[in-house]
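Summary of structural features
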Amino acid sequence: MLITYYGHSCFHIQIQGKNILFDPFITGNQQASHINISKIEADYILISHAHNDHVGDSLAIAKRTGATIIGIWEVGVWFEKQGISNVVKMNIGGSWQFDFGKVKLVNAVHTSRFTDGTHGGQPCGFYITTEEGNFYFAGDTALHYDMKLLGKHANVRFAFLPIGDVYTMDVDDALIASKYIKCDKIIGMHYDSFDLIKIDHAKAKDKFANQDKKLYLMTIGEKMEMRNEK
Ligand code: NI
Ligand code: MN
């Protein structure tokens, strides 16, 4: 599967010919000002929670592309109220089979409220099973023990983990999380977008390398092929 990074927690992933977009926050992200939002393709947009650095451009992209929004119930209801009709509303622990793979909503420890004050329900992460490999997108979260469930019962080939600290896990907690989920390939997210969450790239990568793990810190706009291998 081909992964493209659009900054902060926004990734575009091509799976089975479908375009899956996660947490598109591009407008307002200084680091991603060179990204042309009108060129981003989406069949599905997965939203981890209601904060604007995750909902961001999703409404505009959904309206332009007709993409289906996937998220927790309260997030889905908010999108329906904005006039989006293709919405799949789920809740923690539940799965839904799509044409690109199976999406399971998993626990995230964080908060969730839209900019307009609407409560966004529970924040979530996604565990996604596909024929091209399985992966975990943690969303915004603290390190938590439920991650061990993925390590025990799932087969996480690679994972997107927040590493910026202040609002989510930092690098050290993400390293522990990678052990909980039994995964050696981690793609960092939720760092560098604002001054408060700037990280030292070399130090962060070293911490993972010292444990025989790999931390990928993608450049905004970069594409990376992730193969279905251990
Ligand atoms: Ni958040
Ligand atoms: Mn966030």
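First, a word on what this report is: a plain description of the structure on this page. (Residues numbered from 1 in each chain as written. Chains lettered and ligands numbered in written order. Predicted model: local features only at pLDDT ≥ 70, side-chain atom pairs only at ≥ 80, totals over all residues. Heavy atoms only, no water.)

A word on the packing of helix H5 (residues 171-180) against helix H6 (residues 201-209)
- Closest axis-to-axis distance for the H5/H6 pair is 10 Å, and the angle between their directions is 25 degrees. Relative to H6, H5 is oriented roughly parallel. For the crossing formed where H5 meets H6, the hand is right-handed. Residue-level contacts link Val-171, Asp-172, Ala-174, Leu-175 and Ser-178 of H5 to Ala-204, Lys-207 and Phe-208 of H6.
- Partitioned by chemical class, the residues of the contact of H5 with H6 number five nonpolar, one polar and two charged. (Axes fitted to C-alpha atoms, helices over the stretch in contact; angles between N-to-C directions. Helix = DSSP H or I, 4+ residues; strand = E, 2+ residues; numbered from the N terminus. Parallel < 35°, antiparallel > 145°, perpendicular 65-115°, else oblique. Left-handed = near helix turned anticlockwise from the far one by under 90°. Contact = heavy atoms within 4.5 Å. Nonpolar A, V, L, I, M, F, W, Y, C, P; charged D, E, K, R; others polar.)

A few points about the pattern of salt bridges
- This structure, assessed with the given rule, holds five salt bridges.
- In this structure, Lys-213 engages Asp-184 in a salt bridge whose closest nitrogen and oxygen atoms are separated by 3.1 Å. One end of the pair, Lys-213, is in the loop between H6 and strand E13 (214-216); the other, Asp-184, is in the loop between H5 and strand E12 (185-189), and 29 residues separate them in sequence.
- Lys-198 serves as the salt-bridge partner of Asp-195, at 3.7 Å between the closest nitrogen and oxygen.
- When its relative accessible area of 47% is taken as the criterion, Lys-198 is described as partly exposed. (Salt bridge = Lys/Arg side-chain N within 4 Å of Asp/Glu carboxyl O. Buried < 20%, exposed > 50% of the residue type's maximum accessible area, 1.4 Å probe, protein only.)

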